[in-house]
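# Structural description and commentary
Residues per chain are reported as follows:
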Amino acid sequence: QVQLVESGGGLVQAGGSLRLSCAASGRTFSIFTMGWFRQAPGKERQFVAAISWSGSSTLYADSVKGRFTISIDNTKSTVYLQMRSLTSEDTAAYYCAADRTRLEVIGTREYNYWGQGTQVTVSS
């Protein structure tokens with residue numbers, strides 16, 4: 001059993017920055033990969049970014065590459081998503097996710113564990 005608790009969502013102006021946090025608890029020894037997905041109303045869920053538990057490997061969607069940075073503090077079992085240069089296209093519910101499979105294998109596929117989702121709204 002793994003629980004993921006997210007924080008940091010909110011309303012920001014276009015061009016601004018926001019940092020999301022996700023703290024994992026429970027059987028964290030089973031986690032190899034953590035990541036972020038997002039979903040806007042009426043649209044498909046999108047992969048955003050992922051990171052290996054060790055922090056040695058990362059993967060980004062093309063839409064956020066160069067603007068978003070994923071990082072991990074595995075001493076705190078916490079993953080972060082630093083978002084900058086935000087636009088209205090980044091408005092979505094953001095979900096933290098974790099999986100038992102290593103990043104090189106799972107990539108952007110469905111993950112085992114999910115957070116509750118936190119809303120990010122970018123105003124124009």
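We now turn to the structure provided with this report. (Residues numbered from 1 in each chain as written. Predicted model: local features only at pLDDT ≥ 70, side-chain atom pairs only at ≥ 80, totals over all residues. Heavy atoms only, no water.)

### What to know about the environment of Met 34
As a reminder, the rule being used: In DSSP terms, a helix is any run of H or I states spanning at least four residues, a strand is any run of E spanning at least two, and both are numbered starting from the N terminus. Burial classes follow relative accessibility: with a 1.4 Å probe on protein chains only, a residue under 20% of its type's maximum area counts as buried, one over 50% as exposed, and anything between as partly exposed.
Mapped onto the secondary structure, Met 34 falls in strand S4 (residues 33-39). For Met 34, a relative accessible area of 0% translates into the label buried. Distance in space between the C-alpha atoms of Met 34 and Ile 51 is 5.5 Å, their sequence separation being 17 residues.

### A word on the pattern of salt bridges
Stated formally: By convention in these notes, a salt bridge is any Lys or Arg side-chain nitrogen within 4 Å of a carboxyl oxygen on Asp or Glu.
Counted under the stated rule, the structure contains 4 salt bridges. Between Lys 65 and Asp 62 there is a salt bridge; the shortest N-O distance is 3.5 Å. As far as the burial class goes, Lys 65 and Asp 62 line up, both exposed.

### Quick look at unusual backbone geometry
Phi at Ser 77 takes a positive value of approximately 55°, unusual for a residue other than glycine. Of note, Ser 77 is situated in the loop between strand S7 (68-73) and strand S8 (78-83). Exposure remark for Ser 77: the relative accessible area of 13% places this residue in the buried category. Backbone geometry at Ser 85 places phi at a positive 50°, although glycine is not the residue there. Among the secondary structure elements, Ser 85 is positioned in the loop between S8 and strand S9 (92-99).

In short, shape yes, function no, at least from these values alone.
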